[in-house]
Amino acid sequence: MDAFVAYSIPIQGLKYGVHRFAYDVDKAFFAHFEGSPLEEAEVHVDLELDKRSDLLLLEFAMQGTVRTECDRCTAPIRLPVNDQRQLVVKYGDADGEAEDEVVFIERETHEFNVAKYLYEFTVLALPYIRAYNCENDDPRPCNMEVLEHLQNIARDADYPAWDALKDFKEKL
């Protein structure tokens, strides 16, 4: 049985207008994607599909958390994810046309599977720097030993890396 059958939307019999779907993507979902940068997540996705005569307009609204390593202190954290993405699905042939958020399907297509887009949009929702303000978390997930070490380095004017960076700056 296809692991992503639950993510298929039967578009052939779907009336014109707005339709709403909800998905929860988690560890089991991400395990199906080899080499995924995400292993654990609890993300709720509300999908609004607007079926029109010439296209499908999909609006993805994601909210939840992703388990990752903090870029500041290396501690395991639950990084909040909150993002919205749009996907346009057009009927026809895609020859000669290439757009990021536009997909082409045959008019006779019976269903449209959104699993790939749930995965991609969740990965894209991750911030470039994986850290957040965890001051209000109880207990704070921070690795205080690493943070103290970084603060000591920042205060140490004789730290060897500073000279190398100064030389690098002068070369620019």
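Just above sits the structure.
What counts, and at which threshold
Residue indices begin from 1 for each chain and proceed along its sequence in written order. Restriction of local features to residues with pLDDT of at least 70 applies here, the model being predicted, together with a cutoff of 80 or more for giving and counting side-chain atom pairs; totals for whole chains, interfaces and linings are based on all residues. Only heavy atoms go into the side-chain values, all of them from the structure, while hydrogens and water stay out. Numbering of helices and strands starts at the N terminus; helices are DSSP runs of H or I of at least 4 residues and strands are runs of E of at least 2. For this measure, only C-alpha atoms enter the radius of gyration; the expected value for a globule follows 2.2 Å times N^0.38, where N is the number of residues. Relative accessibility thresholds used throughout: buried, under 20% of the residue-type maximum; exposed, over 50%; partly exposed, between the two (1.4 Å probe, protein chains only). Here a strand pair is declared whenever DSSP counts at least two bridges between the two strands. In this description, a line fitted to the C-alpha atoms serves as the axis of each element, helices being fitted only across the stretch in contact, and the angle between N-to-C directions of two axes falls anywhere from 0 to 180 degrees. Here, residues are in contact when the closest pair of their heavy atoms is within 4.5 Å. Grouping into patches uses exposed residues only, defined as over 30% relative accessible area, and leaves out salt-bridged ones; the cut-off is 9 Å for like charges and 5 Å for nonpolar side chains (Val, Leu, Ile, Met, Phe, Trp, Tyr). Using a 1.4 Å probe, accessible areas were evaluated by the Shrake-Rupley method; residue-level cover was limited to the displayed protein chains. By definition, a salt bridge exists where a carboxyl oxygen of Asp or Glu is found within 4 Å of a side-chain nitrogen of Lys or Arg. As used throughout, the charge tally considers Lys and Arg to be positive and Asp and Glu to be negative, leaving His and the chain termini uncounted. Charge positions are represented by NZ for Lys, CZ for Arg, CG for Asp and CD for Glu.

Student: I keep staring at the overall build of the chain and nothing clicks. Help me out?
Tutor: Counting its secondary structure elements, the chain contains four helices and seven strands. Taken from N to C terminus, the helices and strands of the chain fall in the order β-β-α-β-β-β-β-β-α-α-α. Taking 2.2 N^0.38 as the reference for a compact globule, 172 residues should give roughly 16 Å; the C-alpha atoms of the chain span a radius of gyration of 22 Å, well beyond that estimate. Expressed as lengths along the three principal axes of its C-alpha atoms, the size of the chain is roughly 70 × 45 × 30 Å. Out of the 172 residues belonging to the chain, those deemed buried represent 34%.

Student: It is not clear to me how the sheet that holds strand E5 (residues 76–91) should be interpreted in this structure. Could you clarify?
Tutor: Think of a sheet as strands paired side by side through backbone hydrogen bonds, with each pair either parallel or antiparallel. Ordered in space as E2-E3-E4-E5-E6, the five strands form an open sheet in which the pairing is mixed. Looking along the sheet, the strands with just one partner apiece sit at the ends: strand E2 (17–25) and strand E6 (102–105). Strand-to-strand, the axes of this sheet are offset by a mean angle of 20 degrees, without reference to chain direction. With nine bridges joining them, E2 and strand E3 (residues 40–51) adopt antiparallel strand pairing. In the strand pairing of E3, Phe21 is matched with Leu47. Sitting on the sheet, helix H2 (residues 115–124) touches E2, E3, strand E4 (55–69), E5 and E6, and the angle it makes with E5 is about 130 degrees.

Student: What should I look at first to understand a negative patch on the surface in this one?
Tutor: The grouping of Asp158, Asp163, Asp167 and Glu170 at the surface amounts to a negative patch. For Asp163, the location among the structural elements is in helix H4 (residues 160–171). The exposure class assigned to Asp163 is partly exposed, which follows from its relative accessible area of 43%.

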